[in-house]
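Report on the structure
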Amino acid sequence: MALIAKNGKSQFDYVEFASDKDVYAMVDAWAASNGYVLKRSEGDARKYQKGSGFLTAPMFLELNRVGAKYSIKSYVRINGFVLHGDVGLAGDGFLVKLPRSIAKKAQNQLFQSLELQPLQ
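In this text the structure is predicted, and so the values were computed from the model without any measurement.

Each value, and the rule that gives it
Residues numbered from 1 in each chain as written. Predicted model: local features only at pLDDT ≥ 70, side-chain atom pairs only at ≥ 80, totals over all residues. Heavy atoms only, no water. Helix = DSSP H or I, 4+ residues; strand = E, 2+ residues; numbered from the N terminus. Buried < 20%, exposed > 50% of the residue type's maximum accessible area, 1.4 Å probe, protein only. Contact = heavy atoms within 4.5 Å. Pairing = 2+ DSSP bridges. Polar contact = N/O pair within 3.5 Å; in protein donor to acceptor, adjacent residues only side chain to side chain. pLDDT = per-residue confidence, 0-100. Phe/Tyr/Trp six-rings, centres within 6.5 Å; stacked < 30°, edge-to-face > 60°. Expected span 1.5 Å × (residues − 1).

Considerations on the environment of isoleucine 102
- Mapping isoleucine 102 onto the fold places it in helix α3 (residues 97–113).
- Residue class for isoleucine 102 comes out partly exposed when judged on its relative accessible area of 32%.
- The spatial distance from the C-alpha of isoleucine 102 to the C-alpha of methionine 59 is 8.8 Å, given a sequence separation of 43 residues.
- Once residues lying within four places of it in the same chain are set aside, the contact partners of isoleucine 102 are Lys50 and Met59.

Structure representation (structure tokens):
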């Protein structure tokens, strides 16, 4: 399954937007209330993770800002013995359906508060 994900078309969802809100504070509050943990923070880039891969595949949200534009990258990681692959949250498919659904529901709450279109 990791090889299928690694070679798939939709390895992540990516959204760019401009906002005059305190996006970092909003994402931090959303992450805390949805079980996401800040795994890395370097400059304007932050990476949040939910889950460790023990019972469900780990879910990720990466937030970055370049100038006045923000970007959000969302995906679920499939861990194989030797390699791993990432799968976007939007769309249909059988790969990691439950974790994708859980992550999409939570991230669409964030998108709503940021006044962005939900992931389909």
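What to know about unusual backbone geometry
- Even without glycine at this site, glutamate 115 takes up a positive phi of about 60 degrees.
- With respect to the helices and strands, glutamate 115 occurs in the segment after α3.

Quick look at the pairing of strand β3 (residues 45–50)
- Of the pairings in the sheet, the one linking strand β2 (residues 37–42) to β3 comprises five bridges and is antiparallel in character. Within β3, the position partnered with leucine 38 by the bridge is tyrosine 48.
- Turn length for the β2-β3 hairpin, with the two strands adjacent in sequence and antiparallel, is two residues, and the turn residue glycine 43 shows positive phi of about 65 degrees.
- Bridge analysis of β3 against strand β4 (residues 59–66) gives five bridges, and the strand direction is antiparallel. Looking at β4, one finds that tyrosine 48 is bridged to leucine 61.

Description of the side chain of serine 74
- Structurally, serine 74 can be placed in strand β5 (residues 69–79).
- Within the structure, the side chain of serine 74 is placed 2.5 Å from the side chain of glutamine 107, a separation counted as a polar contact.
- Each residue touching serine 74, except ones within four places of it in the same chain, is listed here: Phe12, Asp13, Phe60, Leu61, Gly88, Leu89 and Gln107.

Details of the confidence of the model for the protein
- Mean pLDDT for the protein: 87, with 85% of residues reaching 70 or above.
- Averaged pLDDT values for the elements of the protein fall to 41 in helix α1 (residues 2–6) and rise to 98 in helix α2 (residues 23–34).
- In the model, residues 1–8 has pLDDT below 50 throughout and makes 20 contacts with residues more than four positions away in sequence or in other chains.

Considering the packing of aromatic side chains
- A complete count under the given rule lists four aromatic pairs for this structure.
- Taken together, a centroid distance of 5.9 Å and an interplanar angle of 65 degrees make the contact between tyrosine 24 and tyrosine 70 edge-to-face. Separated by 46 residues along the polypeptide, tyrosine 24 in helix α2 and tyrosine 70 in strand β5 bring together distant segments of the chain. Both residues of the pair, tyrosine 24 and tyrosine 70, belong to the buried class.
- When the ring of phenylalanine 60 is compared with that of tyrosine 75, the centres are 5.0 Å apart and the planes differ by 20 degrees; the resulting orientation is stacked. You can see phenylalanine 60 sitting in strand β4 and its partner tyrosine 75 sitting in strand β5, a full 15 residues away along the chain. Each member of the pair, phenylalanine 60 as well as tyrosine 75, carries the same accessibility label: buried.

Here's the deal with α3
- Between the first and last C-alpha of α3 there are 25 Å, a value that for 17 residues agrees with the 24 Å anticipated at 1.5 Å per step.
- Along α3, the residues classified as buried are Pro99, Arg100, Ala103, Lys104, Ala106, Gln107, Asn108, Leu110 and Phe111.
- Tucked inside the fold, the buried residues of α3 contact β1 (13–18), α2, β4, β5 and β6 (84–87).
- With its phi angle positive at about 60 degrees, glutamate 115 sits one or two positions after the end of α3.

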